[in-house]
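The primary structure of each chain is shown beneath.
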Amino acid sequence: MYTVTGAGEFVPSSLYYVRQGLGKLMSEGILRRNHIFLDAGSGDGRVVILVSLVFGLKAFGVEYDDVLWRRSLENVALFRRFYPDDKALPTILRGDFCEEMTYALGGTAFKNFDVVFNYANDQHRLAAKIAQDGSEKVLFVSYGPNRFPESFPGLIPIMSLGVGTGSGSAGSYFHGYRKRG
């Protein structure tokens, strides 16, 4: 359910399209099982659960809104029985995905993420964070309705992928970016 939050908006991602897009990235070797995945603006936690259960990646989510953060913790708890151990569970952090303190309080750092995923919410600020603080090999995956990749200072587009775009459907798009350099 669409919700306006204190730091943006929550627009639930289509898990069907997310699975389709991430599966394509996996099959092309762009996304790998040893990657550490961040869903920046993780809402109710559905994407991090999908990424960890279906694709086997270590997944983190950051959510600013307290109600959505709590819902994501409840959702992870609902799926706990499907994980081999607690180390495989997604980690859900509460805070601003562009603030380093959010990650420090969760025992990590922004530079530790190999893949940063975001559904069309505050992407320019996030791209600036990636360009400044992301690792040299970080992949930014922008997901949303925009057919053409946006321009972000410090990042270069490396791929675009339409999902659910057949039969006259408007569909959604995955755009991938790497740091310049």
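For clarity, every value in this text was computed on a predicted model and none was experimentally measured.

**Considerations on the pairing of strand β5 (residues 91-94)**
Then, number 1: Pairing of strand β4 (residues 58-63) with β5 involves four bridges; the strand directions are parallel. Note on β5: the bridge partner recorded for Glu 63 is Arg 94.

**So, the packing of aromatic side chains**
Then, number 1: Applying the stated criterion across every chain, the model contains 14 aromatic pairs.
Then, number 2: Taking the ring centre of Phe 110 as reference, the NZ or CZ of Lys 129 above it sits at 5.1 Å.

**Some thoughts on empty space enclosed by the protein**
Then, number 1: Summed over the entire model, instances satisfying the criterion amount to two cavities of 30 Å³ or more.
Then, number 2: Considering only enclosed or pocket space, the second largest cavity measures out at about 60 Å³ in volume.
Then, number 3: If you trace the second largest cavity, you find it lined by Ala 120, Gln 123, Ser 142, Tyr 143, Gly 144, Pro 145, Asn 146, Phe 148, Pro 149, Glu 150, His 175 and Tyr 177.
Then, number 4: The leading source of residues in the lining of the second largest cavity is strand β7 (residues 139-144), at three residues.
Then, number 5: Looking at the lining of the second largest cavity, its residues break down into six nonpolar, five polar and one charged.

**Observations regarding the packing of helix α1 (residues 15-27) against helix α2 (residues 46-55)**
Then, number 1: Across the interface, α1 lies against α2 with an axial gap of 11 Å and an inter-helix angle of 45°. In terms of orientation, α1 lies oblique with respect to α2. The two elements α1 and α2 cross, and the hand of that crossing is right-handed. Along its contact with α1, which presents Leu 15, Val 18, Arg 19, Leu 22, Gly 23 and Met 26, the element α2 presents Arg 46, Val 47, Leu 50, Val 51, Val 54 and Phe 55.
Then, number 2: Taken together, the residues that form the contact of α1 with α2 break down as nine nonpolar, one polar and two charged.

**Focus: a nonpolar patch on the surface**
Then, number 1: Side chains of Leu 53, Val 54, Leu 78, Phe 79 and Phe 82 sit close together on the surface and give an oily, nonpolar patch of about 450 Å² of accessible area.
Then, number 2: The set of elements that each furnish at least two residues to the nonpolar patch consists of α2 and α3 (66-79).
Then, number 3: Within the element layout of this structure, Val 54 appears in helix α2.
Then, number 4: For Val 54, a relative accessible area of 38% gives the class partly exposed.

**What about helix α5 (residues 123-133)?**
Then, number 1: Those residues of α5 not exposed but buried are Gln 123, Leu 126, Ala 127, Lys 129 and Ile 130. Taken around the axis of α5, the buried residues stretch over an arc of 155°, which confines them to a single face.
Then, number 2: Where α5 is buried, its residues contact β3 (36-40), α4 (100-105), β6 (115-119), β7, β8 (155-163) and β9 (172-179).

**What about the side chain of His 35?**
Then, number 1: On the secondary structure map, His 35 appears in the loop between α1 and β3.
Then, number 2: His 35 gets classed as buried once you look at its relative accessible area, which sits at 9%.
Then, number 3: Discounting chain neighbours no more than four positions away, the residues touching His 35 are Ile 30, Leu 57, Lys 58, Asp 114 and Val 115.

**Considering the pairing of β4**
Then, number 1: In terms of burial, β4 is largely enclosed, as five of its six residues are buried.
Then, number 2: Where β3 lies against β4, five bridges are found, and the strand directions are parallel. Each bridged residue has a counterpart across the sheet, and for Phe 37 the counterpart in β4 is Ala 59.
Then, number 3: This β-α-β element, β3 to α2 to β4, shows right-handed connectivity.
Then, number 4: Each parallel crossover has a hand, and the one from β4 via α3 to β5 is right-handed.

Rules behind the numbers
Residues numbered from 1 in each chain as written. Predicted model: local features only at pLDDT ≥ 70, side-chain atom pairs only at ≥ 80, totals over all residues. Heavy atoms only, no water. Pairing = 2+ DSSP bridges. Helix = DSSP H or I, 4+ residues; strand = E, 2+ residues; numbered from the N terminus. Phe/Tyr/Trp six-rings, centres within 6.5 Å; stacked < 30°, edge-to-face > 60°. Lys NZ or Arg CZ within 6 Å of the ring centre and 35° of its normal. 1 Å grid on protein atoms, 1.4 Å probe; cavity = no way out; pocket = protein on both sides within 12 Å on 5 of 7 lines; lining within 4 Å. Points joined across faces, edges and corners; volume = space filled by probe spheres on them. Nonpolar A, V, L, I, M, F, W, Y, C, P; charged D, E, K, R; others polar. Axes fitted to C-alpha atoms, helices over the stretch in contact; angles between N-to-C directions. Parallel < 35°, antiparallel > 145°, perpendicular 65-115°, else oblique. Left-handed = near helix turned anticlockwise from the far one by under 90°. Contact = heavy atoms within 4.5 Å. Patch = residues over 30% accessible without salt bridge, like charges linked within 9 Å, V, L, I, M, F, W, Y side chains within 5 Å. Areas by Shrake-Rupley, 256 points an atom, 1.4 Å probe, with all protein chains shown as cover. Salt bridge = Lys/Arg side-chain N within 4 Å of Asp/Glu carboxyl O. Buried < 20%, exposed > 50% of the residue type's maximum accessible area, 1.4 Å probe, protein only. Arc of directions from axis to C-beta. Right-handed = clockwise from strand over helix to strand, strands pointing away.

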